[in-house]
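Listed here are the chains, written in short residue letters.
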Amino acid sequence: MARQPDPEASRAVLVGVSSYDTPTMTPLPTVANNTEQMAALLTDPRMWGLSEKHCTVLNNPRHPGKVLDALITAVEEATDAVVFYFAGHGWVQPDSDDLFLALPKSGRHRWWHALPYQDIRRILSEVTRPATKIVLLDCCYSGAAINKMAGESEIGDQVAIHGTYVMTATSGTIRATFRPEADLTDFTGAFIEAARSGIPDGPSLVGLPLLHNQVRDKLARLNRPIPQQRMTGQGGEVALLHNAYYFNDRDVHAADLIRREIGLTPREREVVVAPPTQVCAALREPHDEAAADRIRQAIGLTRAEQGVAAVVEQLTGARMVEYARAVLLAAIQRPPDSVVILLSALQKTDQLRWADHLVSTYARNREPFWVGALAQRLHVEGDAEAHRSLEGLIEEALLSRAGDAGDLHAMTVTLLGRDLGKRVEETLWRIQAGLPGSRVEGLADALRAAGHETVAYRLYGSIADLVADRPVTATVRLIAGMHRTGRDQDAHDLLVRLAGRHQEPQQRAQLLDVLWGAQVPAGPAEDLTHFDEDTLLATVLALYPLGRYRRGRQLMVAALADRDPQATVRFALALQRAGYPVESQGLVEQLRGDPTHRIVAVVAGFVAAGKPEYAERLVREAFTAELLTELPAELRRYAEPALGEKAVPERVELAAALPPEAGMWLLATLPDDVDAALLHDPRVALGVLGLGGARRERLMALPPGIRWPLTVIEDALSGRFGHPGARLADVLALAEASSERMLVESVIRRPVADIVALIPAGRRILDAVAGGADPRTQLEILRHLDEDDPAAAGYLKRLRATLAEPRCCALVTTLHQAGLHRHAATLLGRRVDAAWRPEAQIVAGVLSDLPPQPPSARHLIRAGLPPRATALHVARPAIAIRAAFAVFTDTELIHVSRDGTRVRVPYRRLATVTVRAVSRTTARLTADGENHDLRVRADEFARLVVRIHENLHTFRRTVDDLV
């Protein structure tokens, strides 16, 4: 229950500063009236009755100590309550967020002459008596006394003093206001006016929270800064003043006709209390309209609630609807509890339309305070009909004031102050779509200043495009508030728009600096991937003077991640030229986690740009076995400084893990006096064997038992180095060209079973055997390989790619004759059947090197062939019509002389005779001591015949050898 402090056991200190020595501080002439009127209010016997000797007034005190002495004296003397009031300038110190109260000699840069609010707080917090402390601050940024800058309207912990009530003129980030033509500042004027006017039908003692609501509603209607309050312990239960309504002249309360004589005649009084039918009949009688109006008002104001409902029902039935409306219009002046009872009566008598009308009329015509009071009463009622009326009341109260910004702000703030947040928020959300963006913005600002952040930030989210045009700092504060109230998506959308408006380097750098400083998630603003290189570099360089080195580097690395690696090179060099060598090196160091191929590309870029030291630094930072593997041979020397920092055992271990060629390079960097025991690993030993020249000679003696070059085959086949084929493949990969030839010769001289064991090792072994072994060895290898063995298919494909056509056809023929049909088909690339003629394939292979020259029908006829016969090629002069020519079919060579004589030489026969070129145009065939010349005046005819003979002869000889 509210209680009023004993004025005899209480004290007050009122401080006002109206003039300042510092030119930057504007004079406040109305402040002198503030302290005078505040003192008169507190000492008025009807209000509180504080003794004038217990009310200390300090106007323009020159030193903080004078104020603190007065406050300490008041605290020491008071046993019930102490009131501290200050009016003047105030500011928040940027480095500490502390509130300073300006005295005459003080200023922002002369803060030591000001009064720190922390000193006031300390005095009030260090005593347990008096039990109640009341602080009233009428100055700019006074909300900092209860905010501690925890948010523009969020209450913090700075005044967590037991038993304290604090009311401030503004939030922690807004200036207080005054009008030069007014007698008092806005906050103090509203406070004194609310106290002097009283609260109709309110309690006899006005609690400070209730008085705050009155002051807040008045200032909200005037679109002035919204006052803040904070209470702890029993501070909120103090009723400092009497309700002036009950002792003021009642004529000033024209709104409340219940407590005022309305001038009814005796006859009119009888009508007011008559049964509803008589009321209806009396109102039908001719009389003056003023009398009818008095009766309707008196019925609406004075009859019992059920009686009003009954009269309205009777008037409606008599089609006197306008009279019913007039009665209900008067009824809205009833106290909220009475209106709730009347609504229930209307609903229970099925007059739902009139119940809705009463709610709508009340919402449109009553002051925000009374609308809020009725809304709270309906909310407490709890039944479905009450909640339905509550929703209608809120919606009509807000919709009817949507056209006036001040009225809408005042009504919204009042309703939110009645613990109706969710209902009010949803109603506002429905109506905001029909309001201009500027109106929604103003409403959101007012709600935020009043401490209703949740609904305010939801409204800001609906006008993100408009809010994004505010100054960066202000918009970032809103984004922070959205995150704080759980509106992360709205915060993200607003930040996207804000980033879109700050594309220039300096603008984006400023935006990022503010976001980071406010510790707000800056995701969309940090995305610089769409910037071109010049803009990206300029943005990063703009961040450096702000001290954002690490952040700038992170943004740059992220933006460069998906670009050409050479862009990183250009940026590192540009940073060095711009005078940021440390940042340039830092960018290089940040690359250590990039994919290896990008690192290699950047290393190559630094080398090409003439910056080997950058290449070496990057290799050192990103040094891994994978990097050494992918570094091209020409770039490996830039890894040598990093290798030099590693111990020899570590380098040997690394060499064993690398592919053979890279491992051999690393082994070449070992010192000559390396411990021999380190080189016993087979991969390391083979790598040493692969080294060339003197370097190998110096190291070769160190691994005991290793011999070079030929006996390494025996060592490999013995299993000493693991799987024979795999080890031999390593040897081939590492060996010099001359050594490789010796190794291949040694391999193909091995028994066929050993060669077959080596074939799975890979392409190098396949190439060596397929290209180096003789046909008989190759045939034996294929006899040992199962036709289903994948190694057989790989070996046959390598043979096909390696062997010349005659040898390949000879091997196919032999395999087919031996019954290895699948081997033969795989080697040939087609099925081997009766239609396949190896000689034709060999001749076609030779002719494939010549320009296509198919014979004409005339040539075919002269050669004794059908006009549509198939021929592979015709050799003939370019111009002569009756000249000699030769036709190559798939089985024979047909020579036709000028006189028409034909000589037919089957290819099988051609392989057994001797053929030589007598001239470019004449080929001589010799068989059984007889010569026969084939002459055609075509370029290289004789050479062509000789080549065909040689290939056919090779084929036949190879077949004979294999068989």
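Because the structure is predicted, anything quoted here is derived from the model rather than measured.

Asker: Talk me through the sheet that holds strand β17 (residues 922-927); I want residue IDs and the actual numbers.
Answerer: As a general point, the strands of a sheet are linked pairwise by backbone hydrogen bonds and lie either parallel or antiparallel. If you trace the three strands from one edge of the open sheet to the other, you get β16-β17-β18, paired in antiparallel fashion. For this open sheet the edge positions go to β16 (914-917) and β18 (930-935), each flanked by a neighbour on one side alone. Averaged over neighbouring strand pairs, the angle between their axes works out to 25° when direction is ignored. Relative to β17, β16 runs antiparallel, the two being bridged by four bridges. Within the sheet, the bridge partner assigned to R916 lies in β17 and is R924. Helix α49 (residues 941-962) contacts β16, β17 and β18 of the sheet and is inclined by roughly 150° relative to β16.

Asker: I'd like a description of the nonpolar core, backed by residues and values.
Answerer: Ranked by internal contacts, the top residues of the largest apolar core, which has 217 residues, are F84, F606 and L628. Once you skip the residues sitting within four places of it in the chain, F606 turns out to touch V569, A572, L573, V588, K611, P612, Y614, A615 and L618. In this structure, C808, V812, A942 and L952 belong to the second largest nonpolar core, which totals 56 residues.

Asker: Explain the pattern of salt bridges to me, using residue names and the numbers behind them.
Answerer: Under the defined criterion, the tally for this structure stands at 51 salt bridges. For E426, the salt bridge goes to R458, with nearest N and O atoms at 2.8 Å. Separated by 32 residues along the polypeptide, E426 in helix α17 (residues 421-432) and R458 in helix α19 (residues 453-462) bring together distant segments of the chain. Since its relative accessible area comes to 12%, R458 is described here as buried. Between R484 and E453 there is a salt bridge; the shortest N-O distance is 2.9 Å. Of the two residues, R484 sits in helix α21 (residues 472-484) while E453 sits in helix α19, which places them 31 residues apart along the sequence. Judged by its relative accessible area of 9%, E453 is buried. One salt-bridge network, in which partners are shared between bridges, spans K422, E425, E426 and R458.

Asker: Account for the sheet that holds strand β4 (residues 90-92), naming residues and giving values.
Answerer: If you walk across this open sheet you meet the three strands as β4-β5-β6, and the pairing is antiparallel. Pairing within the sheet leaves two strands with one partner each, and these edge strands are β4 and β6 (115-116). Here β4 pairs with strand β5 (residues 99-101) via three bridges, running antiparallel. Across the sheet, residue W91 finds its bridge partner in β5, namely F100.

Asker: Break down the confidence of the model for the protein for me, citing the residues and quoting the values.
Answerer: The predicted model of the protein averages 82 in pLDDT, with 83% of residues at 70 or higher. Predicted confidence for residues 249-261 stays below pLDDT 50, and this span has 17 contacts to residues more than four positions away or in other chains. Low confidence marks residues 694-711, where pLDDT is under 50. Its contacts with residues over four positions away, or in another chain, come to 46 contacts.

Asker: Tell me about helix α11 (residues 321-331), and name the residues and values.
Answerer: Looking at α11, one finds that the buried residues are A324, V327, L328, A330 and A331. Looking straight down α11, one finds that the buried residues subtend no more than 160° of arc, so they occupy a single side. Looking at the buried residues of α11, the elements they touch are α9 (289-302), α10 (305-317), α12 (336-348) and α13 (352-365).

Asker: Tell me about the side chain of R216, and name the residues and values.
Answerer: Mapped onto the elements, R216 comes out in helix α6 (residues 208-221). Residue R216 is classed as buried on the basis of its relative accessible area of 6%.

Reading guide: rules and limits
Residues numbered from 1 in each chain as written. Predicted model: local features only at pLDDT ≥ 70, side-chain atom pairs only at ≥ 80, totals over all residues. Heavy atoms only, no water. Pairing = 2+ DSSP bridges. Helix = DSSP H or I, 4+ residues; strand = E, 2+ residues; numbered from the N terminus. Axes fitted to C-alpha atoms, helices over the stretch in contact; angles between N-to-C directions. Contact = heavy atoms within 4.5 Å. Core = buried A, V, L, I, M, F, W, Y, C linked by side-chain atoms within 4.5 Å. Buried < 20%, exposed > 50% of the residue type's maximum accessible area, 1.4 Å probe, protein only. Salt bridge = Lys/Arg side-chain N within 4 Å of Asp/Glu carboxyl O. pLDDT = per-residue confidence, 0-100. Arc of directions from axis to C-beta.

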